[in-house]
Amino acid sequence: MPGRRGAEEAFRFWSELGARAEWGELEKHDFYVSRTIALSYAVGLALARLYGELGEEVFKYGGTSFKYLATYAFSLLRDPNAAKYAEKAPIDEFIGFLKRKDAPKALIDPDAAYRAFYKALEAMGETQR
């Protein structure tokens, strides 16, 4: 964020490493991070807790999407910042979207996403039982 201590040094550091660094607004950053990283972490940690409390037998009943989500959810348990991010998630807004009956607007090609989903499943074969 421009004007923050160390911002120029951080921008240069990440840019020189090849990252696509850009200047932004703090409010916009926090808004989007709460709906991308924070919400993803909140959902993932809730799933990890649910699956963990159900026990090993849950793996017998889960399908393809369960395996994918379980892999993601349990991977968050290694991230020391997961709970901190999850606390910033707009859960009420998320619940509101769950209750809506209209179809979501696709921001990426659903067919490409479907193919990538199954490609990712192949790559994570070692986590499947």
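Residues numbered from 1 in each chain as written. Predicted model: local features only at pLDDT ≥ 70, side-chain atom pairs only at ≥ 80, totals over all residues. Heavy atoms only, no water.

### Structural notes on the packing of aromatic side chains
What the rule picks out here adds up to 10 aromatic pairs. Aromatic side chains Tyr114 and Tyr118 sit 4.9 Å apart centroid to centroid with 55° between the ring planes, which places their arrangement in the tilted category. Taken as a pair, Tyr114 and Tyr118 lie in helix 8 (residues 110-123) at a separation of 4 residues, close to a single helical turn. We classify Tyr118 as partly exposed; its relative accessible area is 32%. Members of the aromatic cluster, joined through ring pairs, are Tyr51, Phe59, Phe66 and Phe74. (Phe/Tyr/Trp six-rings, centres within 6.5 Å; stacked < 30°, edge-to-face > 60°. Helix = DSSP H or I, 4+ residues; strand = E, 2+ residues; numbered from the N terminus. Buried < 20%, exposed > 50% of the residue type's maximum accessible area, 1.4 Å probe, protein only.)

### Structural notes on the pattern of salt bridges
In the structure shown here, the tally under the stated rule is 4 salt bridges. The closest approach of N and O atoms between Arg35 and Glu93, which form a salt bridge, is 2.8 Å. Of the two residues, Arg35 is situated in helix 2 (residues 26-35) and Glu93 in helix 7 (residues 91-99); the sequence distance between them amounts to 58 residues. Relative accessible area serves as the criterion here: at 29%, Arg35 is assigned to the partly exposed category. (Salt bridge = Lys/Arg side-chain N within 4 Å of Asp/Glu carboxyl O.)

### Digging into helix 3 (residues 37-54)
Here helix 3 contains 18 residues, and its C-alpha end-to-end distance of 26 Å stays within 8% of the 26 Å for a straight helix at 1.5 Å per residue. Structurally, helix 3 contributes buried residues whose contacts are with helix 2, helix 4 (58-61), helix 5 (64-75), helix 6 (82-86) and helix 7. Just beyond helix 3, the residue with positive phi is Gly55, at close to 90°. (Expected span 1.5 Å × (residues − 1). Contact = heavy atoms within 4.5 Å.)

### Observations regarding the confidence of the model for the protein
Of the residues in the protein, 95% reach a pLDDT of 70 or more, and the chain-wide mean stands at 90. For the protein, the element scoring lowest by mean pLDDT is helix 8, at 88; helix 3 scores highest, at 96. (pLDDT = per-residue confidence, 0-100.)

### Side note on the packing of helix 2 against helix 3
Close contact between helix 2 and helix 3 brings their axes to 2 Å; oriented N to C, the two are set at 25°. By the angle between their directions, the pair helix 2 and helix 3 is classed as roughly parallel. Together, Val33, Ser34 and Arg35 of helix 2 and Ile37, Ala38 and Leu39 of helix 3 make up the contact between the two elements. Its residues assigned to classes, the contact of helix 2 with helix 3 comprises 4 nonpolar, 1 polar and 1 charged. (Axes fitted to C-alpha atoms, helices over the stretch in contact; angles between N-to-C directions. Parallel < 35°, antiparallel > 145°, perpendicular 65-115°, else oblique. Nonpolar A, V, L, I, M, F, W, Y, C, P; charged D, E, K, R; others polar.)

### Quick look at a nonpolar patch on the surface
A cluster of nonpolar side chains, contributed by Phe13, Trp14 and Leu17, occupies part of the molecular surface with about 360 Å² of accessible area. Counting through the fold element by element, Phe13 comes out in helix 1 (residues 7-16). With relative accessibility at 46%, the residue Phe13 sits in the partly exposed group. (Patch = residues over 30% accessible without salt bridge, like charges linked within 9 Å, V, L, I, M, F, W, Y side chains within 5 Å. Areas by Shrake-Rupley, 256 points an atom, 1.4 Å probe, with all protein chains shown as cover.)

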